[in-house]
Amino acid sequence: MNEEIKTFTISLYTENNIGLLNRVSAIFQRRHINIESLTTSQSEIDDVFRFVIVVNITEAQAAKIVKQFEKQIEVIRAYYHTDEETIYTESCMFKIKSALLFEEPQIQNIIKDSNSRIVTVNKEFFVLEKSGRRHEIESLRRDLNVFGIMQFVRAGRIAVTKDEMRVTDMLMAFNNHNN
């Protein structure tokens, strides 16, 4: 296995149990690995949830972590993938003073060029939403920072694999077994 540090997306398919997030976090903490991004959501199967975790580690570390996760009773399956093996995106929101929208024509160009969209506008502020790769979001943040950002929030990565994974069949079997 390559010992080069790379960005890996780790996907966990789990039951929805209290305390699981603490155990997931502890596995990374014990290994002194920083979580770059963590997103949880319902999976494609009812009552099965998915964690999408982004970390910068070696492939050997990713393989060990996935094995450790699969030892957790609530974890149905765990996988790791490189950026090249996934289709992924992030999203964010910016809150900016409304006056700038009308006083600074460059802001309108930034919005248009970045393919972001205005979610809401009122007298005090407007909110922009942008989905894309991390570098696109960071570029937009740098461009808007010049004008002053009142608030900024970025959600964690969401990702699907490029290859067909028979995970849905396996999850359906799990779900049918538990019902």
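Residues numbered from 1 in each chain as written. Predicted model: local features only at pLDDT ≥ 70, side-chain atom pairs only at ≥ 80, totals over all residues. Heavy atoms only, no water.

An unreviewed UniProt entry annotates the protein chain as Acetolactate synthase small subunit originating from Aestuariibaculum suncheonense. Under the UniProt heading Subunit (unreviewed entry), the note attached to the protein chain is "Dimer of large and small chains." As its UniProt record puts it under Catalytic activity (unreviewed entry), the protein chain is described as follows: "2 pyruvate + H(+) = (2S)-2-acetolactate + CO2". (UniProt positions renumbered as here; feature names shortened; annotations may be inferred.)

A. Local environment of unusual backbone geometry. Although it is not a glycine, H32 sits at a positive phi angle of roughly 55 degrees. Looking at the secondary structure, you find H32 in the loop between α1 (20-30) and β2 (35-42). With relative accessibility at 75%, the residue H32 sits in the exposed group. (Helix = DSSP H or I, 4+ residues; strand = E, 2+ residues; numbered from the N terminus. Buried < 20%, exposed > 50% of the residue type's maximum accessible area, 1.4 Å probe, protein only.)

B. Layout of α1. Inspection of α1 places L20, V24, I27 and F28 among the buried residues, and these make up the whole buried set. For α1, the angular spread of buried residues about the axis comes to 95 degrees, placing them on one side. For α1, the exposed residues lying more than 90 degrees away from the buried face are N22, Q29 and R30. Phi turns positive, to about 55 degrees, at H32, one or two residues after α1. (Arc of directions from axis to C-beta.)

C. Up close: the domain arrangement of the protein chain. Domain assignment breaks the protein chain into domain 1 (6-87) and domain 2 (88-154). The C-alpha centroid of domain 2 is placed 31 Å from the C-alpha centroid of domain 1. (Domains from an automatic or database assignment.)

D. Fine view of the pairing of strand β1 (residues 6-14). Most of β1 is tucked away, with seven of its nine residues classed as buried. As judged from the nine bridges shared by β1 and strand β3 (residues 49-57), these two strands associate in the antiparallel manner. Looking at β3, one finds that K6 is bridged to I57. In this structure, β1 lies alongside strand β4 (residues 75-82), joined through seven bridges in antiparallel fashion. Among the inter-strand pairings, T9 is bridged to a residue of β4, identified as H81. (Pairing = 2+ DSSP bridges.)

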